[in-house]
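Below are the chains, spelled out letter by letter.
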Amino acid sequence: MTTTPAFVPAQLVGRQAVLDALDGLVRRLEDGVSDIAVVSGPVGSGRSAVLERAVDRARASGLAVGVARCSPRESQIPYGAITQLLGTLCRPSRIGALASGIGPTSRPTDTVARMCDTLLALSAGRPVLLAVDDLHLADPHSLRRLVDVIHRARQGAILGVVTSPVPVRQVLDAAGAHPEAPCPVHTLRLDAFTTAEARSVVEARVGRPVPRSVLTAAGVAGWSPAVLHAVADRISALGRPLDTDAVPQLIAAARTAWSTRAFTTLHGLPKNVVALLRATAAGGHQLEPARLAALAGLDATAFADAVDALRACGLLADTDIPRLRHPWFADDVLAGMTGPERDRLHRRAASLHGQEGSRLGTVAELLGDVTSLVRPWTASEAVASSRPRHAADLTTATLRHSLCEPVTETERARRLIRLAAAEAVTAPQAADGRLRQVMLRHLSRETWPDVLNAADLLLSRGDAETARWVIADVHQRALTKIPDDDLRPLRALGRLAHKEKGGLPLVAPPPIHSDRLGHPAQSAVLAWTLATRGDDRARVLELARAALEEPASVPFMCRIAAARALLCADDVPTGLDRLDAVAADARRGDALAAAAQALLSRAEEQVRLGRGEDALRELAAATRALPPASWHSLLAPRLAAAEILALIRCGRVDEARAVSERARSRPEGHSVTTAFLLYARAEIALIDGDAARALLLLEECGRMLRAKRWRNPMLIPWRSAAAVAHHHLGASATAEDLLVKERDVAERWGTPSAFTALRTRTHETLACNGVEVPWTSSPSAPDLPAEVPDGTAPERDPLTPSERDVAGLVVAGLANREIARQLGLATRTVELRLTNTYRKLGVKGRAALVAHLRARQEDA
């Protein structure tokens, strides 16, 4: 009896559907039916392991099996694959007899013809399986003969199973191997692993359970079997429990495994495919498809074929515009070219970037004027409307041209950063690519300040997910080049990126409760970390103030984090002052995204203080520094949330609704910034009388914050708003519990008075917009000075504009459904607004409402 193995072989996990299909074809072969099957899949997906399984199955069934494993080295040997097939099908004595029958004057083609005839004879006698691994690496001569053999073998039974990462049609076209007649082909695609399958592969290889966070490290190069095996082998080699220090090593192992297989695949790709891959690596993040095709030297048909091939190999992402699946692979692709090849490619890319502009003056002169040319973008729109875009276009075109000139490594890094600053408004994705290029390709002792500056600017864009991966990569490479003291600011930026985007910390985090402050940047990030958790307010104040005393040595994003920590700790004057200083310094350095982030943080604090108009002024300054279209999708939710809440506090609810709707049209990333927008939308839902929807939004907001351990209610008082929603839904006890819990957290943090004021302002804002809040006794309109009661003044209308609209239509005799249709609302929303109206006016029912309103009109 066969013993079942303890676990499924790791290379076959998740491949059962493809293996079953191959088993079915082998059974058809035993019945005398010929077929052709192609096993396809991206880099490292385990095509060879699946083919080996099919070969073992056929041999166990007693079939004749010929196997050829193609490689880059043998792709230059004529008929190498055919020779391998024959060598595995025939006994050595048979091959010797075949060789001895060939005369000394015979041509090589005669020899090959006899080999092919032998294969045909074998297939006539019994079923034959011909297995060719990595068909795209086979020599052209073998490809042509193999096609001929398969199509001539109709008198017998033959199953051809080949593996190829690229479409077989393109492989045959490149070799000039065209079949005489069309033949049906079974294409078997290897799908990506699920999370459970990926984890089982690693655990089977390691021999013990591994934490889920290991998959985060493997994900840097995809969850292919090759990558997962490399990560598992690295875990085994460590010989100790995993910690954050091991993560860079796991990432390096994953990248190396993926790149090695990618380059093996690259050797067998057609020339047009290789040309497009190199063009994408050099300028794909900046060029649209037409210019990318021109850079690669391809016409429309060749370009489309090359895109299909690269996507099939898993080298390109599934986007409309060709982009590398892994941005860091660009470095490996360009490193595989000779120096003259790279120079020619970069010159062509620069000419395509800047062909709409011309050089004016010398490069040195224009490099000195970058700041003056870009700065109009940060001025008011009226002042900047005359020619800022033209000036910025001239600047970026000139800087692109300057990159083709021979300069030192340090000067090239600085020019790239200047170009990124110029492109931050007009081409933010291209700017991000420039910054990554500085970090990954120009890492040395001399360029380290520029690398650190690029990391700070990249994080300021808001894409914390990309920033933390790149920072981890740079940190790993810099361990042997850069002194540890100089690495500390980079570690701080990596820790800060981790806080904004979930997952395993990818660089060694700063000590959470160390008595030694370390570098000021680390102190700043530690202060923000503790502030978000609502932990140790006294230490937060100490760390943040110490960090901000040395602004010159602290990156912009770390300074912003320290200032936000001070705001959470109720040191509002100092926090706002330090944010203003960051914004001014960032503007001077053309770090527009950092300036915008500092101004956004000021606006959020003004919202918490109930100063809606001041918040709107700060937001206007932020969007002058960086237009809304240039904000990253992971940061844009915070911008929209701040604007919505500021408008609500100014009583401009309809405008807040419009901003919320516009925000829906922009893609939202999965980061903690989304919690801010969820809260803002919940306030609108409460004002609209939809307590159920508001509660759903607030619960999701709370879930996201708790997942990041952001417990401090000074950031977002979501429990206060959720208590209002519970009250409207009849769960008063739950509402009270939320308020008590929130108050307890604020007291432990040490800002009970400041939080009480924040909660009161929040509830008063809702009450002034028609929301019943039982804990607010005397709401007053936000942003308006308190008025002395005047007995002769008319009584204030307690209804909101939206409630007055509904009430007016009720007086006109319309039913709820008709009112909903006329106002473009849901019927349930109309009912909720009427309920609020009844309560505010102290009337019971529709008839009483009509009588009350008509009496008021007569009195007026």
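Residues numbered from 1 in each chain as written. Predicted model: local features only at pLDDT ≥ 70, side-chain atom pairs only at ≥ 80, totals over all residues. Heavy atoms only, no water.

### Quick notes on the sheet that holds strand β2 (residues 64-69)
Part 1 of the argument: Strand order in the open sheet made by the five strands is β2-β3-β4-β1-β5, with parallel pairing throughout. Two strands lie at the open edges of the sheet, namely β2 and β5 (186-189), each paired on one side alone. Going across the sheet, the axis of each strand differs from the next one's by a mean of 15°, ignoring polarity.
Part 2 of the argument: When strand β1 (residues 35-40) meets β5, the two strands line up parallel, connected through four bridges. Opposite Ala37, over in β5, you have His186 as the bridge partner.
Part 3 of the argument: Strands in contact with helix α2 (residues 47-60) are β1, β2, β3 (128-133) and β4 (158-163); relative to β3, the strand with the most contacts, it is inclined by about 165°. (Pairing = 2+ DSSP bridges. Helix = DSSP H or I, 4+ residues; strand = E, 2+ residues; numbered from the N terminus. Axes fitted to C-alpha atoms, helices over the stretch in contact; angles between N-to-C directions. Contact = heavy atoms within 4.5 Å.)

### Structural notes on the side chain of Arg559
Part 1 of the argument: One can find Arg559 in helix α28 (residues 556-568).
Part 2 of the argument: In this structure, Arg559 is in contact with Leu548, Pro551, Val554, Ala581, Val582 and Asp585, ignoring residues within four places of it in sequence.

### As for empty space enclosed by the protein
Part 1 of the argument: Applying the stated criterion to the full structure yields seven cavities of 30 Å³ or more.
Part 2 of the argument: Reported here for the largest cavity is a volume of approximately 220 Å³.
Part 3 of the argument: If you go around the largest cavity, you meet 17 residues; those closest to its centre are Val607, Arg608, Leu645, Tyr679 and Leu715.
Part 4 of the argument: Residue assignment for the lining of the largest cavity shows that the elements contributing at least two residues are α30 (592-608), α32 (636-649), α34 (673-687) and α38 (752-768).
Part 5 of the argument: Space inside the second largest cavity adds up to approximately 170 Å³.
Part 6 of the argument: Lining the second largest cavity are 17 residues, and of these Glu500, Met557, Arg564, Gln597 and Arg638 lie nearest its centre. (1 Å grid on protein atoms, 1.4 Å probe; cavity = no way out; pocket = protein on both sides within 12 Å on 5 of 7 lines; lining within 4 Å. Points joined across faces, edges and corners; volume = space filled by probe spheres on them.)

### Observations regarding the confidence of the model for the protein chain
Part 1 of the argument: Looking at the protein chain, pLDDT values average 77 and 78% of them are 70 or higher.
Part 2 of the argument: The least confident element of the protein chain is helix α18 (residues 370-374), whose mean pLDDT is 30; the most confident is α28, at 94.
Part 3 of the argument: Across residues 1-10, confidence stays below pLDDT 50; counting only partners more than four residues off in sequence or on other chains, it has five contacts. (pLDDT = per-residue confidence, 0-100.)

### Some thoughts on the side chain of Arg47
Part 1 of the argument: Along the chain, Arg47 falls in helix α2.
Part 2 of the argument: Among the polar contacts made by the side chain of Arg47, one reaches the main-chain carbonyl oxygen of Gly41 at a distance of 2.9 Å.
Part 3 of the argument: When residues no more than four places from it in sequence are discounted, the contact partners of Arg47 are Val39, Ser40, Gly41, Pro42, Asp134, Thr163, Ser164, Pro165 and Leu190. (Polar contact = N/O pair within 3.5 Å; in protein donor to acceptor, adjacent residues only side chain to side chain.)

### Thoughts on the packing of helix α8 (residues 195-206) against helix α10 (residues 225-238)
Part 1 of the argument: Axis separation between α8 and α10 bottoms out at 9 Å; the angle between their running directions is 40°. Relative to α10, the element α8 is oriented oblique. When you trace α8 past α10, the crossing you get is right-handed. Two secondary-structure elements touch here, α8 through Ala198, Val201, Val202, Arg205 and Val206 and α10 through Leu228, His229, Ala232, Asp233, Ile235 and Ser236.
Part 2 of the argument: For the contact of α8 with α10, the per-class residue count stands at seven nonpolar, two polar and two charged. (Parallel < 35°, antiparallel > 145°, perpendicular 65-115°, else oblique. Left-handed = near helix turned anticlockwise from the far one by under 90°. Nonpolar A, V, L, I, M, F, W, Y, C, P; charged D, E, K, R; others polar.)

### Things to note about unusual backbone geometry
Part 1 of the argument: Unlike most non-glycine residues, Asp536 shows phi in positive territory, near 60°.
Part 2 of the argument: Position of Asp536 among the secondary structure elements: in the loop between α26 (520-533) and α27 (537-548).
Part 3 of the argument: Residue classification places Asp536 among the partly exposed residues on the basis of a relative accessible area of 33%.
Part 4 of the argument: For Asp590, which is not a glycine, the phi torsion comes out positive at approximately 60°. (Buried < 20%, exposed > 50% of the residue type's maximum accessible area, 1.4 Å probe, protein only.)

### A word on α10
Part 1 of the argument: The first and last C-alpha atoms of α10 sit 20 Å apart over 14 residues, in line with the 20 Å expected at 1.5 Å per residue.
Part 2 of the argument: Of all 14 residues making up α10, ten are buried, and the element is well covered by its neighbours.
Part 3 of the argument: By the burial criterion, the buried members of α10 are Pro225, Ala226, Val227, Leu228, His229, Ala230, Val231, Ala232, Ile235 and Leu238. (Expected span 1.5 Å × (residues − 1).)

### Side note on the pattern of salt bridges
Part 1 of the argument: In this structure the tally under the stated criterion is 34 salt bridges.
Part 2 of the argument: One salt bridge connects Asp654 with Arg657, and the closest N-O pair in it is separated by 2.4 Å. Here Arg657 and Asp654 lie together in helix α33 (residues 653-664), a separation of three residues that amounts to about one turn.
Part 3 of the argument: Salt bridges sharing common partners tie together Asp23, Glu30, Arg53 and Arg57. (Salt bridge = Lys/Arg side-chain N within 4 Å of Asp/Glu carboxyl O.)

### A few points about the environment of Arg145
Part 1 of the argument: Here Arg145 lies in helix α6 (residues 140-152).
Part 2 of the argument: A relative accessible area of 26% places Arg145 in the partly exposed class.
Part 3 of the argument: In this structure, the C-alpha to C-alpha distance between Arg145 and Tyr79, residues 66 residues apart in sequence, is 8.3 Å.

### Let's talk about helix α25 (residues 484-500)
Part 1 of the argument: A rise of 1.5 Å per residue sets the reference length of α25, with its 17 residues, at 24 Å; its end C-alpha atoms lie 25 Å apart and thus fit the reference within 8%.
Part 2 of the argument: Within α25, 14 of the 17 residues are buried, which leaves it mostly tucked inside the rest of the structure.

### Remarks on the packing of aromatic side chains
Part 1 of the argument: Using the criterion set out here, one finds three aromatic pairs in the structure.
Part 2 of the argument: A centroid spacing of 5.0 Å and a plane angle of 90° characterise the contact between Trp258 and Phe329, whose relative ring orientation is edge-to-face. Here Trp258 is found in helix α11 (residues 247-267), whereas its partner Phe329 is found in helix α15 (residues 329-335), with 71 residues between them in sequence.
Part 3 of the argument: According to the relative accessible area criterion, Trp258 is buried, its value standing at 4%.
Part 4 of the argument: Residue classification places Phe329 among the buried residues on the basis of a relative accessible area of 1%.
Part 5 of the argument: Each residue in the set Trp258, Phe263 and Phe329 is aromatic and connected to the rest through ring pairs, giving one cluster.
Part 6 of the argument: Across the ring face of Trp469, the terminal group of Arg468 is positioned such that the distance to the ring centre comes to 5.3 Å. (Phe/Tyr/Trp six-rings, centres within 6.5 Å; stacked < 30°, edge-to-face > 60°. Lys NZ or Arg CZ within 6 Å of the ring centre and 35° of its normal.)

### Things to note about the environment of Asp133
Part 1 of the argument: Following the sequence through the fold, Asp133 ends up in strand β3.
Part 2 of the argument: Each C-alpha atom of the pair Asp133 and Ala49 lies 9.8 Å from the other, and the pair is 84 residues apart in sequence.
Part 3 of the argument: A polar contact is formed between the side chain of Asp133 and the side chain of Thr163, at a distance of 2.5 Å.

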